[in-house]
Amino acid sequence: MRLRVYKRKVLLLLALLGAACGLALWGSHGRPRKAEPARDPGEPPASAAGRRAANASAPPPPEAEPGNRTLGYRSLFYRLNFDQPVRNLGRFPRRPPGELVLVVQVHERAEHLRLLLESLRRAPGVENALLVLSHDLWSEELNRLAAQVEFCQVLQIFFPFSAQLYPREFPGHDPRDCPRDVGRAAALRLGCLNAEYPDSFGHYREAKFAQTKHHWWWKLHFVWERLRALREHTGLVLFLEEDHYLAPDFYHVLQRLWALRQQECPECQVLSLGSYSVVRGGFSGRADKAEMKTWKSTEHNMGMAFSRDTYQQLIECTDAFCTYDDYNWDWTLQHLTISCLPKFWKVLVPEIPRVFHTGDCGMHHKKSCRPSTQSAKIDSLLSSNQQYLFPETMSVSKRYSMAPLSPHVKNGGWGDIRDHELCKSYRRLQ
């Protein structure tokens, strides 16, 4: 009975969103309103002529009471995701077919995003790319950073089920939800909403942790299935996060890795440009080398690139992804490689990474963030080895013994049936 109640709650939430979407597109006197290109987020209102410009986006919600402001954000997110205004079309009117799409998952760390965008700006070839910034937060500071991108086409999309949009109800934190550590017996006595659905360790959901996995899966589907700019896309999509930092030759190396994959490892479903390991020694004799390995979530989740074929296999595993009790999207992918996907993943990875981390801080770390310090170290490393960047060709130096890898532990945090049902619903939305 409780399961049916939860499913009805999620379905009601989706129905209300659909109704709001319909109202957002309904003009005065009951007539449908013609959709207009919107203006750049965070910019002042434009003239009528300005609204016709290709690079515009939607206005920020008006100042209002908190409840009305939340509804304004929901409507704004829907409109931006529907309109999909691409900036810089005047400067880059046509992208070569099959060129790279970069998708960055953005939360709230503006300094990290600024550094990532600076690293992108220095990369030859990036002018041919489409940059997609996927936000789960409306932030004027983040919008200003996006508006300052002038080196390629750029598009912002917005996760429509973020805690900012649902601050006192699921999928945010509902005050009637069970405290994380209350225990199932006590939760049942309390009668809190999700008492019957603790995770594998007896804990109850925390919205701030559940959101990241939701955002990742929604973004995966929305980018491949709903972005009009990608309808005919036959190339790679490179998935990044706001705290990544790219080498100047990342684009160059990715193209050569993809060509190498066609020749040497057609069964490699994923390319990975990043590494969490400290790079020791110089780049000589290594910058043009790649390794073939079994994909491992703790090593190859940074700077992942794959094509539509890999995406289509992933999305067929929606139920498995959405019900696996781990709030980490990457550990959940590791589970899929041994439980649902046709074959375990093989990955082609450069010996010298081209995607770096700008700091061990954030969701899994308590220490303070100093991204500029870390980026300076990366710049020093790259500068001292610049003669080895932009290799003419790439070759496979090591072929490791490959076999399926299971997650060595399940982390929990994803036992709530509401998370399962919402996650599974993204394929039906918008």
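Refer to the structure presented above.
Residues numbered from 1 in each chain as written. Predicted model: local features only at pLDDT ≥ 70, side-chain atom pairs only at ≥ 80, totals over all residues. Heavy atoms only, no water.

1. Section: the overall build of the protein
Alright, step 1. Looking only at helices and strands, the protein has 14 helices and 11 strands in total.
Alright, step 2. Buried residues in the protein amount to 51% of all 430 residues.
Alright, step 3. Taking the intrachain contacts of the protein between residues at least 6 apart in sequence as the baseline, contacts between residues at least 24 apart amount to 79%.
Alright, step 4. Of the roughly 19400 Å² of accessible surface on the protein, 51% is carried by carbon and sulfur atoms. (Helix = DSSP H or I, 4+ residues; strand = E, 2+ residues; numbered from the N terminus. Buried < 20%, exposed > 50% of the residue type's maximum accessible area, 1.4 Å probe, protein only. Contact = heavy atoms within 4.5 Å. Areas by Shrake-Rupley, 256 points an atom, 1.4 Å probe, with all protein chains shown as cover.)

2. Details of the sheet that holds strand β9 (residues 346–350)
Alright, step 1. Pairing is mixed across the open sheet formed by nine strands, whose spatial order is β3-β2-β1-β4-β8-β6-β9-β7-β11. Only two strands of the sheet have a single neighbouring strand rather than two, namely β3 (153–158) and β11 (395–399). With strand direction ignored, the average angle separating the axes of adjacent strands in the sheet is 25°. (Pairing = 2+ DSSP bridges. Axes fitted to C-alpha atoms, helices over the stretch in contact; angles between N-to-C directions.)

3. Describing the pattern of salt bridges
Alright, step 1. Evaluated as defined, the whole model comprises 22 salt bridges.
Alright, step 2. Linking Glu 169 and Arg 74 is a salt bridge whose minimum nitrogen-to-oxygen distance equals 3.1 Å. Taken as a pair, Glu 169 in the loop between β3 and α6 (184–190) and Arg 74 in helix α3 (residues 66–83) lie far apart in primary sequence, 95 residues in all.
Alright, step 3. Measuring nitrogen to oxygen at the nearest pair gives 2.4 Å for the salt bridge that ties Arg 180 to Asp 181.
Alright, step 4. Residue class for Arg 180 comes out partly exposed when judged on its relative accessible area of 35%.
Alright, step 5. The exposure class assigned to Asp 181 is exposed, which follows from its relative accessible area of 54%.
Alright, step 6. Each of Arg 109, Glu 242 and Asp 243 takes part in salt bridges that share partners, so that together they form one network. (Salt bridge = Lys/Arg side-chain N within 4 Å of Asp/Glu carboxyl O.)

4. A word on the packing of aromatic side chains
Alright, step 1. Overall, the coordinates contain 21 aromatic pairs when judged by the stated rule.
Alright, step 2. Residues Trp 224 and Tyr 311 carry aromatic rings whose centres are separated by 5.7 Å and whose planes lie at 20° to one another, so their mutual orientation is stacked. Placement of Trp 224 in helix α7 (residues 207–225) and of Tyr 311 in helix α10 (residues 308–315) is noted, with a sequence separation of 87 residues between them. The burial state of Trp 224 is the same as that of Tyr 311; both residues are buried.
Alright, step 3. Centre to centre, the rings of Phe 250 and Tyr 251 are 5.9 Å apart; their planes meet at 40°, and the pair counts as tilted. (Phe/Tyr/Trp six-rings, centres within 6.5 Å; stacked < 30°, edge-to-face > 60°.)

5. Digging into the pairing of strand β1 (residues 101–106)
Alright, step 1. Of all six residues making up β1, six are buried, and the element is well covered by its neighbours.
Alright, step 2. Burial of β1 is two-sided: the residues Val 101, Val 103 and Gln 105 facing one way and the residues Leu 102, Val 104 and Val 106 facing the other way are all buried.
Alright, step 3. Summarising the sheet, β1 and strand β2 (residues 130–135) pair through six bridges and their orientation is parallel. Looking across to β2, one finds that Gln 105 is bridged to Ser 134.
Alright, step 4. In the classification by handedness, the crossover that spans β1, the intervening helix α4 (residues 110–121) and the parallel β2 is right-handed.
Alright, step 5. Of the strand pairs in this sheet, β1 and strand β4 (residues 237–241) are connected by five bridges, and their pairing is parallel. Pairing of Val 103 across the sheet is with Phe 239, part of β4. (Right-handed = clockwise from strand over helix to strand, strands pointing away.)

Geometric values such as these leave the question of function open.
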